[in-house]
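One-letter residues, chain by chain:
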Amino acid sequence: MEEAFETLSAKETLQVLSTRKGGLETDEARARLERDGPNALKGKPKKSPLLVFLGQFNDPLIYILLAAGVISILLHEAADSIIIFIVVAVNAVIGFIQQARAEKAMEALRKMASPKALVRRNGVVTEIDAAELVPGDVVVLEAGRLIPADLRLLESVNLKIEESALTGESVASEKEADFRADKSLPVGDRTNMAFMTTMVSYGRGEGVVTATGMQTEIGKIAKILEDAGDELTPLQKRLADLGKMLGVVAVVICALLFVTALVQHRNVFEMLLTAISLAVAAIPEGMPTVVTIVLAAGVSRMAKARSIVRRLPAVETLGAVNVVCTDKTGTLTQNRMTVTEQRAGAAVVLPQEMDKAAAARFYEGFCLCNDASTKGGTKVGDPTEIALLDMCEKQGNVREDLEKSRPRVEEIPFDSERKRMTTVHDCDGVRIAYTKGALDGILAHTTRILDGNTERVITEEDKGRITAAASEMAHRALRVLALAYRERGGEPLETNMVFVGFVGMIDPPRPEVKDAVEACKRAGITTVMITGDHRDTALAIAKELQITDSEDAAISGHELDDMSSEELQKRVRKLRVFARVSPENKVQIVQAFRANGNIVSMTGDGVNDAPSLKSADIGIAMGITGTDVAKGAADMILTDDNFATIRRAIEEGRNIYNNIRKSVLYLLASNFGEIITMLVAVLAGLPAPLTAAQILWVNLVTDSLPGLALGVDPGTPDVMKEKPRSPKESLFAHGGIAILLLYGAIIGGASLVGYLVGYNEGIAARGAAYGRILGGTLCVTVLAVSQLSHAIGMRNTNRSLFRMNHLENRFMLFAFFLGLILQIVIIEIPILNVFFSTTPLDAPHWLLTFGLALLPLVAHELIVLGKKVSRHA
């Protein structure tokens, strides 16, 4: 069982690790390094690039596409087979590149380790590679250094460590080596421990290495990332099922035609060619390409909207999200402590409402009694003190400038027992001591108070008024710091002070987040906050953003640890705020929501978010503040770190899914029309209306461009007023099957009518051979043009053609007229007649063709009218 070092004293820790405060001897360190291995994060064995590339072909639709290519070769359609194989290769290359990028997550984790460490070896402090650290090494810590391994602190002097990337807390953690826990604690509460990849922001200390490499807290996160498998998105599952179905359909059709050939005593070889033609008709060759390009086009649009998608299918998944689990620090909030409340003097008013000299004392004190500094235009130091400097600078007080005229001559550093710090400054020959710290400690040592521009004795009434105002701030999860001063005399510095005022600060919400949360709520999307911060702070932010207004909707990590998976699955339905959670808790929460049938998105920026980003249906990382680890584990990255961008991304995801659905239904309806045309004619004992070349031609003309045009159709403005799709929803939901069958039947029926007219007229005019050519010409033309006209109607099955803005989608107009021109070309140019088995048509035949080809649009208008009448009935 793993040792809980936070429950051991420093002496006991040294005994358990068989070491001493002077550090290990070189020989002992070398032996432990051989035993435990280097202090580095391990990755799972990599697949060879060849295996990764070949894995891209493991998809049912790709199988069908390859089969179509082989069939095209058998039919001596070299051009079509080349196009199909190029499409397959392009898809494989895109998938290979996307997967290669995902593998960078573990690489980023390994690079985060500190390359050097100050360590005591043989009783002497020396700098070594962090990879050479072993359990039992004693490490020296100082401000600005990364923690090179997990440590149990042996000494701490005003030590603060920035742990936000690991715990989610925006305030640096105060460390105390003498603390000893009576039980195992969450990472964020282990004040006597320091963790690999966090940074010392203040003070100094020493610690003994308790864990290295994959045994560290960040190593555990790496292990979770390594163990998290990749699941198919809903769209991938739907298309995989569809591919299997189409394969079955193709086999059944071939078998049916062979049986028909035997029953009707037809030429078996001729029926073999017909069967292959029908199999090709059953396979929408352009569908994988159309879907991939539609997703890629959506990715391009999302990039312009500041969302970078790392995996194409994640775009569709985003549109189905109904739970957004978001980290608080840096995602909902600004990741910057900010003073939001200021109170001064006996009246407990804004400093600006006091006497000018008294207000100057307020800002001067908070500015001078401060150890943060500005280096190269960037503020460095404790986030709380940086927030105070920001407040003071807005009033024209810059610490570096003030200290030139009021230099610091003496100080008492902050410590966790006193919870205050004091600095003494020479102000024109008078020495003034400023003290800032926790309110109760400051009030306990003040005897006077600023009242306007004068000082007077502080009363219990004053203290009550101050305490009430500060309590109200604390209730809103603001961190309260007070300020007092006195002239340097013979008495101890922190006695008989004059109370100046106090401030309340918090890591505030991003201003645009509240509207984004509300927009998500209207769209049926639940926002859930998951954070390593304290419960009160998290709940205060959640209430301000209207994520929840109930105290019962919040829960802490230690409560989660006592729950079973089944209990958590029930509780998460009403929980909206999860505080003080560990990385493992985050994964449990995401999995609990998913177990309830939700499509879950997880946003975050820290190392501690990476496992939950990987476990969610779609992980969203922050691009600016996000660590490389978070970005590597995510499916999508927000380049502006703006939660509001998620709303736009979800809207885009919904529109893209709708467009893909329209494209798929259009393609399948078109192919269904081809199957009806061929199958009905053959079963009726007629010659096959279409040759394989004609079917491939129609698919080439009508699948690609019109399908893509539907895929890039502008989104409907009401899409964010709809509830999220059910994760179990089929591509054929909401009348999809009816659309497919109805329009397929209309297209097939119209094509058959054209074939019969031409076939009979041709036989009467010039015999059976010409009848087949004329019938086939009318059939292939009606088939192609009716599919093109159907594409226009598929833009919106609920709106009349006369109410659509067709200029919104100029690509559709281009696809329609280009397809029409190409179809006319193969009919009217003699040299192509031989290749496609067609013949030029006269005016009456062209009129008949267009009349039949417009039937899908007539049906579209009748259906829209019927829906309108039923709504008003």
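Everything below is about the structure shown above.
Residues numbered from 1 in each chain as written. Predicted model: local features only at pLDDT ≥ 70, side-chain atom pairs only at ≥ 80, totals over all residues. Heavy atoms only, no water.

Here's the deal with the overall build of the protein
On a plain count of helices and strands, the protein comes out with 33 helices and 25 strands. Taken over 873 residues, the protein has a buried fraction of 56%. Across the protein, every contact between residues at least 6 apart in sequence was considered, and the portion connecting residues at least 24 apart equals 70%. With the model as given, the accessible surface of the protein reaches about 36,400 Å², and the carbon-plus-sulfur share is 58%. (Helix = DSSP H or I, 4+ residues; strand = E, 2+ residues; numbered from the N terminus. Buried < 20%, exposed > 50% of the residue type's maximum accessible area, 1.4 Å probe, protein only. Contact = heavy atoms within 4.5 Å. Areas by Shrake-Rupley, 256 points an atom, 1.4 Å probe, with all protein chains shown as cover.)

Some points on the pairing of strand 23 (residues 600-604)
For strand 23, the buried fraction is high: five of the five residues fall into the buried class. A two-sided burial pattern is seen for strand 23, the buried positions comprising Val 600, Met 602 and Gly 604 on one face and Ser 601 and Thr 603 on the other. Bridging between strand 9 (residues 323-327) and strand 23 involves four bridges; their strand directions are parallel. Counterpart to Val 323 in the pairing with strand 23 is Val 600. Across four bridges, the pairing between strand 23 and strand 24 (residues 618-622) is parallel. In the strand pairing of strand 24, Met 602 is matched with Gly 619. (Pairing = 2+ DSSP bridges.)

Notes on a negative patch on the surface
Together, Glu 559, Asp 561, Asp 562 and Glu 584 give the surface a local cluster of negative charge. Among the secondary structure elements, Asp 562 is positioned in the loop between helix 21 (557-561) and helix 22 (565-571). (Patch = residues over 30% accessible without salt bridge, like charges linked within 9 Å, V, L, I, M, F, W, Y side chains within 5 Å. Salt bridge = Lys/Arg side-chain N within 4 Å of Asp/Glu carboxyl O. Lys, Arg positive; Asp, Glu negative; His and termini not counted. Charge placed at Lys NZ, Arg CZ, Asp CG, Glu CD.)

Describing a positive patch on the surface
Together, Arg 799, Arg 803, Lys 867, Lys 868 and Arg 871 give the surface a local cluster of positive charge. As for its placement among the helices and strands, Lys 867 is situated in helix 33 (residues 855-872). Residue Lys 867 is classed as partly exposed on the basis of its relative accessible area, which comes to 31%.

Re the sheet that holds strand 20 (residues 526-530)
Hydrogen bonds between backbone atoms are what pair the strands of a sheet, whose relative direction is either parallel or antiparallel. Strand order in the open sheet made by the eight strands is 8-25-24-23-9-20-22-21, with mixed pairing throughout. Unpaired on one side and paired on the other, strand 8 (307-309) and strand 21 (554-556) mark the two borders of the sheet. Each adjacent strand pair in this sheet contributes to an overall mean axis angle of 20 degrees, direction not counted. This element, helix 20 (residues 535-544), spans strand 20, strand 21 and strand 22 (577-579) of the sheet and lies at about 155 degrees to strand 22. Across the face of the sheet, helix 23 (residues 583-595) comes into contact with strand 9, strand 20, strand 22 and strand 23 while running at roughly 155 degrees to strand 23. (Axes fitted to C-alpha atoms, helices over the stretch in contact; angles between N-to-C directions.)

As for the environment of Glu 132
With respect to the helices, strands and loops of the structure, Glu 132 is situated in the loop between strand 2 (124-129) and strand 3 (138-142). For the pair Glu 132 and Arg 32, spaced 100 residues apart in sequence, the C-alpha to C-alpha distance is 9.7 Å. In this structure, Glu 132 is in contact with Leu 33, Arg 121 and Asp 137, ignoring residues within four places of it in sequence.

Scope: geometric values only; no functional claims are made or implied.
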